[in-house]
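# Observations on chain architecture
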Amino acid sequence: MSDPMSAAPLPAVRLEDILQASHVLRDVIVPTPLQPNRSLSAKHGCNVLLKREDLQVVRSFKIRGAYNLISSLPESERARGVVCASAGNHAQGVAYSCQALGIPGIIYMPATTPRQKINQVKLFGGDNVEVRLIGDTFDDAYAEAIRASRETDMSFVHPFDDPRIVAGNGTVGKEIYETSRQPIDVLLVTVGGGGLAAGVAAYVKTVSPSTVIIGVEPEGAPSMRASLDEQAVVTLEEIDKFVDGAAVKRVGDLTYALCRELLDDVVVVPEGRICTTILELYNEHAIVAEPAGALTVAALPMLADRLAGKNVVCIVSGGNNDVDRMQEIKERSLIYEGLKHYFMINFPQRAGALREFLDDVLGPSDDIVQFEYTKKHNKENGPALVGIELKSPDDYDPLVERMTRKGFRYVELNKDPQLFNLLI
């Protein structure tokens, strides 16, 4: 397949561009800490350091690129205002920049954006910004924002595919390199549209070519991995929108070109594993990470052989997590860890079948967390939706063996995506 990158040269992002962005941002951002984490280091057999962009002024790295781009616009363009599309974090960066620079902004966000992020955009932007909700995905909001930009002549602030965005994001890499007390062997960076990975890699590979840089994507939206495999930017037909800060159908042309050149690898992490990591970061480390922010830490066990004994930096890219999502996060984690299973069970046509199930099928530590009959009459003999939570994944095989031995016919919904989405 021919590479479209060869048809038209793309702007470069140079070291001096990142240094200039750092100068522009010096009074706007918070230089976030690079924190050694003993617990994660011991668990994964390497020296883990967390770059805490969740502690940034807008609780994500996105302000870096947004402010760098907007502040570079000519005064006449700034006066007309800006338009952007975002699943949340970029919107907050743009909103903060609009208020700081005293310019108007229109921000398009997917209707599926967590409420917490929408409220934060309004908080940071104040009277300077208007939030408009459109579509189900970032790509829907993006198309509407592009249309509005053309109709209003307001400048479009791309969330990732602009050299000024990439250069601003590159200041994360500059801070990592300047604050690390030891050489960085491996750096893990979140990949959504590719703006953070491209910027960080542009800086780090220039000053430390031996550092291995690995991008991390959610399994349900592997747009960069797919593009690298095809050797051209591709648009995914379907994505899982759960990791909203990194769920895009198409990466940028510029960011693809830079990531193809500078990243050593891109790996994908299951959404369930990300959920487990979010809970671990909160419960064990008092870190509130959003799904995209937890991606790099979630990748650690998957890369164990490549990280052993090395100095490893994980960029925690954001902490804008909505507390309303915690139940879903816990649910996904339990299912991924093999601790929660849903069954459609057809009880035998005999009296006392339900009691027999409770007494003879459930193990001593198995817990029914959902029980719902699918019809309103003859309940003792009808099929039922049953959710069972286990203490250990090892309890699963004995459970289904007892169910089969006792004559209970069942369908495990966890293994049937269509039925699971319909019923759960």
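Everything here concerns the structure above.
Notes on the structure follow. Quick caveat: nothing in here was measured; it's all calculated off a predicted structure.

## Remarks on the overall build of the chain
- Within the chain, the regular secondary structure consists of 18 helices and 14 strands.
- A compact globule built from 424 residues should have a C-alpha radius of gyration of about 22 Å, and the chain, at 24 Å, falls within 12% of that.
- Counting only C-alpha atoms, the chain reaches 80 × 50 × 45 Å along its principal axes.
- Within the chain, buried positions represent 57% of all 424 residues.
- Of the roughly 18,200 Å² that the chain leaves accessible, carbon and sulfur atoms contribute 49%.
- For the chain, the distance from the average position of its 44 positive side-chain charges to the average position of its 57 negative side-chain charges is 3 Å.

## Section: helix H16 (residues 353-361)
- Within H16 the residues assigned to the buried category are Ala353, Leu354, Glu356, Phe357 and Val361. The arc enclosing the buried residues of H16, seen along the axis, measures out at 160 degrees, which places them on a common side.
- In this structure, the buried residues of H16 make contact with strand E11 (340-346), strand E12 (367-373), strand E13 (383-389) and helix H17 (396-405).

## Some remarks on the side chain of His158
- Residue placement: His158 occurs in the loop between strand E6 (155-157) and helix H8 (163-179).
- Separated by 3.0 Å, the side chain of His158 and the backbone nitrogen of Phe160 make a polar contact.
- Setting aside anything within four residues of it in sequence, one finds His158 in contact with Leu69, His90, Tyr142 and Ile165.

## A closer look at the packing of helix H10 (residues 223-230) against helix H11 (residues 253-262)
- For the pair H10 and H11, the least separation of the axes is 11 Å and the interaxial angle reads 70 degrees. The orientation of H10 relative to H11 falls into the category roughly perpendicular. Helix-helix and strand crossings are classified by hand; for H10 and H11 the assignment is right-handed. Across the interface between the two elements, Met224, Ser227 and Leu228 of H10 pack against Thr255, Tyr256, Cys259 and Arg260 of H11.

## Quick look at a nonpolar patch on the surface
- A cluster of nonpolar side chains, Val411, Leu419, Leu422, Leu423 and Ile424, forms an exposed patch at the surface whose accessible area comes to about 410 Å².
- In terms of residue count, the dominant contributor to the nonpolar patch is helix H18 (residues 417-423) (three residues).
- Note that Leu419 resides in helix H18.
- Overall, the relative accessible area of 30% leaves Leu419 in the partly exposed class.

## Overview of the side chain of Thr113
- In this fold, Thr113 is placed in the loop between strand E4 (105-109) and helix H6 (115-125).
- Thr113 gets classed as buried once you look at its relative accessible area, which sits at 7%.
- A polar side-chain atom of Thr113 sits 2.8 Å from the main-chain carbonyl oxygen of Pro110.
- Not counting chain neighbours up to four residues away, the residues in contact with Thr113 comprise Ser86, Ala87, Gly88 and Ile118.

## Some words on the sheet that holds E4
- One open sheet accounts for four strands, arranged E5-E4-E3-E6; its pairing is parallel. Only two strands of the sheet have a single neighbouring strand rather than two, namely strand E5 (129-133) and E6. Neighbouring strand axes in the sheet, compared pairwise and without regard to direction, differ in orientation by 25 degrees on average.

## Comments concerning unusual backbone geometry
- A positive phi angle, close to 60 degrees, is found at Arg59, a residue other than glycine.
- Position of Arg59 relative to the elements: it lies in the loop between strand E2 (47-52) and helix H3 (62-71).
- Overall, Arg59 belongs to the partly exposed group, its relative accessible area being 32%.
- Even without a glycine there, the phi angle at Asp153 is positive, about 65 degrees.
- Following the sequence through the fold, Asp153 ends up in the loop between helix H7 (138-152) and E6.
- Given a relative accessible area of 47%, Asp153 falls into the partly exposed group.

How each quantity is defined
Residues numbered from 1 in each chain as written. Predicted model: local features only at pLDDT ≥ 70, side-chain atom pairs only at ≥ 80, totals over all residues. Heavy atoms only, no water. Helix = DSSP H or I, 4+ residues; strand = E, 2+ residues; numbered from the N terminus. Rg over C-alpha atoms; globule rule 2.2 N^0.38 Å. Buried < 20%, exposed > 50% of the residue type's maximum accessible area, 1.4 Å probe, protein only. Areas by Shrake-Rupley, 256 points an atom, 1.4 Å probe, with all protein chains shown as cover. Lys, Arg positive; Asp, Glu negative; His and termini not counted. Charge placed at Lys NZ, Arg CZ, Asp CG, Glu CD. Arc of directions from axis to C-beta. Contact = heavy atoms within 4.5 Å. Polar contact = N/O pair within 3.5 Å; in protein donor to acceptor, adjacent residues only side chain to side chain. Axes fitted to C-alpha atoms, helices over the stretch in contact; angles between N-to-C directions. Parallel < 35°, antiparallel > 145°, perpendicular 65-115°, else oblique. Left-handed = near helix turned anticlockwise from the far one by under 90°. Patch = residues over 30% accessible without salt bridge, like charges linked within 9 Å, V, L, I, M, F, W, Y side chains within 5 Å. Salt bridge = Lys/Arg side-chain N within 4 Å of Asp/Glu carboxyl O. Pairing = 2+ DSSP bridges.

Just distances and angles here, no functional claims.
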